[in-house]
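Breakdown of the fold
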Amino acid sequence: MDNWAHYLDTFLFAIVPYVAAFAFVLGAIFRYVVRPYSVSSLSSQFLENRQHFWALVPFHYAIIILLGGHVIGFLVPRHVLAWNNHPVRLYVLEVTALIFGLLALFGLLSAIVRRLANRRVRVVTTFSDWVLLLLLLGQVGAGVYVAVFHPWGSSWFAATAVPYLRSLVTFDPDIRYVVELPFMAKLHVLNAFVLLGVTPFTRLIHMWVAPFPYLWRRPQVVRWYRRRQAAAVPPSAKGADR
């Protein structure tokens, strides 16, 4: 039984990351070369804007802050651990991360409800959109769970996840750093690799195309067309594009 667990951990944390990276690189190149005009968020803003704003704006701001925190922890883990040596600063960092995690979860759940409740938006939602939303929900949900039930994540991220990730970068994967983590923390790590692998095949690809101007530009209406589902779009939705 222990051998099977070891083989499974090796597959999930030493092989899947490279498969995901390979799929990301090849998929992104293919999409940029073969389907360059599909590299877009395929916004449904023109179908419904109010709930779109209250879902996507909190989600995007929160995710960018959280991703930035992960990047900082990866680049300067010693500085993060030094910062956390003072309890007050540790509490501030943990509470701030939790707040943004909850904000991201709120925005994501609002986006899912919007796609379920609004018929016009639901019609233009594809299978890959639902897969992406479920993966994002699992990722954010796992992150919030870890923050609540396995606190001081900024410290153990710097002490365990960073050495593991750096071992992947140097092509010498050392899974000892992750196999002893709690289940939800391992799920959070694994799901991140899955998200990376599916990115070129979903609308998430837009995050790699200079996304930051979206944070301060004026709102704009985006039109897009999908021939396969054109017949399924209700007349009211078609009229909104004129």
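Details of the structure are given in the entry above.
Report follows, based on the coordinates.

What counts as what
- Residues numbered from 1 in each chain as written.
- Predicted model: local features only at pLDDT ≥ 70, side-chain atom pairs only at ≥ 80, totals over all residues.
- Heavy atoms only, no water.
- Helix = DSSP H or I, 4+ residues; strand = E, 2+ residues; numbered from the N terminus.
- Buried < 20%, exposed > 50% of the residue type's maximum accessible area, 1.4 Å probe, protein only.
- Contact = heavy atoms within 4.5 Å.
- Axes fitted to C-alpha atoms, helices over the stretch in contact; angles between N-to-C directions.
- Left-handed = near helix turned anticlockwise from the far one by under 90°.
- Nonpolar A, V, L, I, M, F, W, Y, C, P; charged D, E, K, R; others polar.
- Salt bridge = Lys/Arg side-chain N within 4 Å of Asp/Glu carboxyl O.
- Core = buried A, V, L, I, M, F, W, Y, C linked by side-chain atoms within 4.5 Å.
- Parallel < 35°, antiparallel > 145°, perpendicular 65-115°, else oblique.
- Expected span 1.5 Å × (residues − 1).

Regarding its fold elements, the chain presents 10 helices and zero strands. Order of helices (α) and strands (β) in the chain, N terminus to C terminus: α-α-α-α-α-α-α-α-α-α. Split into buried and exposed, the 242 residues of the chain put 38% on the buried side. Long-range pairs, those at least 24 residues apart, make up 82% of the contacts in the chain with a sequence separation of at least 6.

Here we come to the packing of helix α7 (residues 153-169) against helix α9 (residues 183-198). With their axes 13 Å apart at the nearest point, α7 and α9 run at an angle of 35° to one another. At the point where α7 passes α9, the crossing takes the right-handed sense. Residue-level inspection shows W156, Y164, L165 and L168 of α7 in contact with α9, the latter providing A185, V189 and F193. Classifying every residue of the contact of α7 with α9 gives seven nonpolar, no polar and no charged.

So, on to the pattern of salt bridges. For the coordinates displayed, the defined rule picks out three salt bridges. The salt bridge involving K186 is made with D9; its shortest N-O contact spans 3.6 Å. Taken together, the positions of K186 in helix α9 and D9 in helix α1 (residues 2-34) put the pair 177 residues apart, joining distant regions of the chain. Neither residue differs from the other here; K186 and D9 are each classed as buried. Residue R203 is joined to D129 by a salt bridge in which the shortest nitrogen-to-oxygen separation is 2.9 Å. Of this pair, R203 sits in the loop between α9 and α10 (235-239) while D129 sits in helix α6 (residues 127-149), and the two are 74 residues apart along the sequence. Judged by relative accessible area, D129 falls into the buried class, the value being 5%.

The subject of this paragraph is the nonpolar core. Counting 17 residues, the largest nonpolar core has F13, Y164, I175, V178 and F193 as the members making the most contacts within it. Looking at this core, the elements with two or more residues in it are α1, α6, α7 and α9. Other than its neighbours up to four places away in sequence, I175 contacts H6, D9, T10, F13, A14 and Y164.

With that settled, consider the packing of helix α2 (residues 50-75) against α7. Contact geometry for α2 and α7: axes closest at 9 Å, N-to-C directions at 80°. On the basis of their axis angle, the class for α2 and α7 is roughly perpendicular. Residues H70, G73, F74 and L75 of α2 touch α7, and the partners they reach there are F157, V162, L165, R166 and V169. Across the contact of α2 with α7, the residue classes break down as six nonpolar, two polar and one charged.

A relative accessible area of 18% means that K186 is categorised as buried. Every residue in contact with K186, bar those within four places of it in the chain, is listed here: D9, F13, V178, V179 and L181.

This brings us to unusual backbone geometry. Its identity is not glycine, yet W152 carries a phi of approximately 65°, on the positive side. Look at W152 and you get partly exposed, because its relative accessible area is 39%. Unusually for a residue other than glycine, F171 sits at a positive phi of about 60°. Secondary-structure assignment places F171 in the loop between α7 and α8 (176-179).

Every α-helical turn comprises 3.6 residues, leaving residues that sit three or four positions apart pointing alike. Along its 26 residues, α2 runs 38 Å from first to last C-alpha, staying within 8% of the 38 Å computed at 1.5 Å per residue. Within α2, burial applies to H52, A55, P58, F59, A62 and G73. On its buried face, α2 sits against α3 (77-83), α4 (87-117), α6 and α7.

A few words now on the environment of L103. Structurally, the position occupied by L103 is in helix α4. As a C-alpha pair, L103 and Y61 span 42 residues in sequence and 8.8 Å in three-dimensional space. Those residues in contact with L103, other than ones at most four positions away along the chain, are P58 and A62.

In this model α4 runs 44 Å from its N-terminal to its C-terminal C-alpha over 31 residues, within 8% of the 45 Å that 1.5 Å per residue would give. Against the buried residues of α4 lie α2, α3, α5 (119-123), α6 and α7.

Just geometry here; none of it tells us what the structure is for.
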